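Fold and contact review
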Amino acid sequence: MATTTDFPERIRDAAKQFRSECTAWTQFRLEPNGKINIRLQAPDIMQQFVGDVEFGRDPKGLLFYNNAASDFAMRDHDFQYTKLGNGPWKTVIVDFYETEDTDVVARFIARVDTSKYSIPGEGTTRRGNGKWSKFPGATAQTTVIRGEGRNRLYLQFPALKKYVYFKTTGTTAIEKKSGVLIFKDYNMLQDFVDNRAVLADCASDRIVFRTERSTDSVVVALFIPNEPLTLGPSTNDAPSPTTWKPFDPRNSASGFTSRTMPVNLEFEDEDVDEDCKFESNQSAS
């Protein structure tokens, strides 16, 4: 049974065993037959491990490995999933093996607050399989904000010189939360792709930007917050249409909050035609 010191010890052991590490996000799903499926994304080394999961819970952790070029060259891998710990904080470990081999090729370790992320497999070790593949994506640091009493959520990407907004079911303030946007094609970060609207499919731990139509929808980007967002009550409504606009970070005010938002961030019932400037000398009306 893991203790409060188990997580740092596991990190130290992995750092001794492997030569390299990077940040990764992993989704977990427990099947009715007891099998664990996972999907791991490591944009820094442009690798992903694909099991039978598209999107789910997204705890952030560290992926340890020796050589990104050779460790994942053999695409088919088995994995062993272990969840340890007492109380709400759990240590999750996923060891990756080449199929029918016993040598650990890579290891994912995360310390997860289960009051925020529900992860399966209490006190158990389970096995599964999947494939490593190239993850041809890029990342961008993101700031999230929503004004008090407003239902429109804004994500700004200074490095991309873009921002996007869409409606949510909640109206409580969200003050400058951070996270990362993962995307494949900068030119797809727009209102429409191939004449299909780009929608925001929201959950507290991820926002999937995808084209409309459920049968052949294309994922445009995935936003993962550093901590779960309070977006509002869940509904069965369709995902929200998005509006993407240019953003010039040179004109932004670094100190604004959801209570001192610029006027041109506050429109809820009319189109916003002018670019968002985030000017510090404006305040909410």
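Note that the coordinates shown come from a computational prediction; the quantities given were computed from them, not determined experimentally.

1. Quick notes on the pairing of strand E11 (residues 162–167)
- Counting buried positions along E11 yields five of six residues, so the element is predominantly enclosed.
- Across four bridges, E11 lies against strand E18 (residues 243–246) in antiparallel orientation. In the strand pairing of E18, Val164 is matched with Trp244.

2. As for helix H1 (residues 6–17)
- Between the first and last C-alpha of H1 there are 16 Å, a value that for 12 residues agrees with the 16 Å anticipated at 1.5 Å per step.
- Buried residues in H1 make contact with strand E4 (60–65), strand E5 (76–84), strand E6 (89–98) and strand E7 (104–113).

3. Topic: the packing of aromatic side chains
- Tallied over the entire structure, the rule returns 14 aromatic pairs.
- Relative to Tyr165, the ring of Tyr154 has its centre 5.3 Å away and its plane inclined at 45 degrees; by these criteria the two rings are tilted. With Tyr154 in strand E10 (residues 152–157) and Tyr165 in strand E11, the pair connects residues that are 11 residues apart, well separated along the chain. Like Tyr165, Tyr154 is buried.

4. Re the side chain of Gln41
- Within the secondary structure layout, Gln41 lies in strand E2 (residues 36–42).
- Side chain to side chain, Gln41 and Gln27 meet in a polar contact 3.2 Å long.
- Those residues in contact with Gln41 that lie beyond four places of it in its chain are Thr23, Ala24, Trp25, Gln27, Gln47, Gln48, Phe135, Leu222 and Ile224.

5. Remarks on unusual backbone geometry
- Even without a glycine there, the phi angle at Lys176 is positive, about 50 degrees.
- Along the chain, Lys176 falls in strand E12 (residues 174–183).
- By relative accessible area, Lys176 is classed as partly exposed at 36%.
- Phi is positive for Asp194, which is not a glycine, with a value near 55 degrees.
- Along the chain, Asp194 falls in the loop between strand E13 (192–193) and strand E14 (196–203).

What counts and what doesn't
Residue positions within a chain follow its written sequence, with the count starting from 1. Two thresholds apply to this predicted model, a pLDDT of at least 70 for residue-level local features and 80 or more for giving and counting side-chain atom pairs, whereas whole-chain, interface and lining totals are computed over all residues. Values reported for side chains reflect all heavy atoms of the structure, with hydrogen atoms and water molecules removed beforehand. Relative accessibility thresholds used throughout: buried, under 20% of the residue-type maximum; exposed, over 50%; partly exposed, between the two (1.4 Å probe, protein chains only). Numbering of helices and strands runs from the N terminus, with a helix taken as a DSSP run of H or I at least four residues long and a strand as a DSSP run of E at least two residues long. Note: two strands are recorded as paired if DSSP finds a minimum of 2 bridges between them. In a helix, the anticipated span is given by 1.5 Å times the number of residues less one. Contact definition: two residues touch when any of their heavy atoms are within 4.5 Å. Note on ring pairs: Phe, Tyr and Trp rings are taken, using the six-membered ring of Trp, and paired if centres are within 6.5 Å. Classes follow the plane angle, with under 30 degrees stacked, over 60 edge-to-face and the rest tilted. Here a polar contact means two N or O atoms within 3.5 Å. Within protein one must be a hydrogen donor candidate and the other an acceptor candidate, and residues neighboring in sequence count only if both atoms are side-chain atoms.

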